[in-house]
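The lines below spell out each chain.
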Amino acid sequence: MFVLSQIEKIMKILTISLFVLLPFFANSQDEKFNNLDMKIQKLELKNSILNKQINDLKVENQLLTKTLAGIKSNVNEQITKGLELQAQNERAMNLALDEFEKKFKEQNETFSFVQDQLDKKFNTQLILLSIFMIVFIVIVYILTKSIGKRALSQHSANWNSFQEYILKKR
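Residues numbered from 1 in each chain as written. Predicted model: local features only at pLDDT ≥ 70, side-chain atom pairs only at ≥ 80, totals over all residues. Heavy atoms only, no water.

*Asks:* So what's going on with the overall build of the protein? Which residues, and what values?
*Replies:* For the protein, the helix and strand inventory stands at one helix and zero strands. Taken against the 2.2 N^0.38 rule, which gives 15 Å for 170 residues, the C-alpha radius of gyration of the protein at 69 Å runs more than 25% over that of a compact globule. Seen through its principal axes, the protein has C-alpha atoms that stretch 225 × 40 × 25 Å. Put simply, the protein shows about 16300 Å² of open surface, and 66% of that area lies on carbon and sulfur atoms. (Helix = DSSP H or I, 4+ residues; strand = E, 2+ residues; numbered from the N terminus. Rg over C-alpha atoms; globule rule 2.2 N^0.38 Å. Areas by Shrake-Rupley, 256 points an atom, 1.4 Å probe, with all protein chains shown as cover.)

What follows is the structure, given as structure tokens:
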């Protein structure tokens, strides 16, 4: 029993030592837990801040999405209006070009008609001028020949008169 009593004493001493040392271990564990609790609280605070920022960013993202949709709609409207305006301008330009082409063709036809008329008149005038020139040349030739014959006959008559005059004076 002595052994037993020794074991009991040792057990008592160990138990008392354990109880005496237990507050120190418990206190050190408490500081670790306090430190962990503070870290957890910091992480939870950080997490709540991040969640708030995420929610704010989601709201801002939704606003930006709506704004982007509005801008996209506005741009699409502007593009549509621009394309309609461009189509109208092209139609107006095509009409103007068609009208210009018609007027240009009419002007060319008028010019061709006038040119043909002028060519006909010029040819007619050229023919008349040629005829008048031929008639004038024939008349001048006939007059020259007639005047030449008369001058020759008068000269001959004067010559004959002169010879008679000289012959009479002799």
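Next, the rest of the story.
*Asks:* Describe the pattern of salt bridges, with residues and values.
*Replies:* Inspection of the entire model under this criterion finds one salt bridge. Where Lys 105 meets Glu 101, a salt bridge forms, and the shortest distance between an N and an O atom there is 3.7 Å. Within this pair, Lys 105 and its partner Glu 101 are both found in helix H1 (residues 2–169), separated by four residues, close to a single helical turn. (Salt bridge = Lys/Arg side-chain N within 4 Å of Asp/Glu carboxyl O.)

*Asks:* Give a description of a negative patch on the surface that names residues and reports values.
*Replies:* There is a patch of like negative charges on the surface, built from Asp 98, Glu 99, Glu 106 and Glu 109. Along the polypeptide, Asp 98 turns up in helix H1. Looking at Asp 98, the relative accessible area reads 40%, which means it is partly exposed. (Patch = residues over 30% accessible without salt bridge, like charges linked within 9 Å, V, L, I, M, F, W, Y side chains within 5 Å. Lys, Arg positive; Asp, Glu negative; His and termini not counted. Charge placed at Lys NZ, Arg CZ, Asp CG, Glu CD. Buried < 20%, exposed > 50% of the residue type's maximum accessible area, 1.4 Å probe, protein only.)

*Asks:* Just give me the short version of the packing of aromatic side chains, but keep the residues and values in it.
*Replies:* Inspection of the entire model under this criterion finds two aromatic pairs. Taking the centre distance of 6.1 Å and the plane angle of 20° together, the rings of Phe 100 and Phe 104 count as stacked. Taken together, the residues span about one helical turn, with Phe 100 and Phe 104 both in helix H1 at a distance of four residues. When the centroid spacing of 5.8 Å and the interplanar angle of 40° are considered together, the rings of Trp 159 and Phe 162 count as tilted. Of this pair, Trp 159 and Phe 162 both sit in helix H1, three residues apart, roughly one helical turn. The exposure class assigned to Phe 162 is partly exposed, which follows from its relative accessible area of 40%. (Phe/Tyr/Trp six-rings, centres within 6.5 Å; stacked < 30°, edge-to-face > 60°.)

*Asks:* Quick rundown of the environment of Gln 6? Include the residues and the values.
*Replies:* Position of Gln 6 among the secondary structure elements: in helix H1. For the pair formed by Gln 6 and Glu 44, sequence separation is 38 residues and the distance between their alpha carbons is 53 Å.

*Asks:* Talk me through the environment of Lys 149; I want residue IDs and the actual numbers.
*Replies:* Among the secondary structure elements, Lys 149 is positioned in helix H1. The spatial distance from the C-alpha of Lys 149 to the C-alpha of Glu 90 is 85 Å, given a sequence separation of 59 residues.

*Asks:* Please give an account of the environment of Leu 83 that cites residues and values.
*Replies:* By secondary structure assignment, the location of Leu 83 is in helix H1. Between the alpha carbons of Leu 83 and Ala 151 there is a distance of 96 Å; along the sequence they are 68 residues apart.

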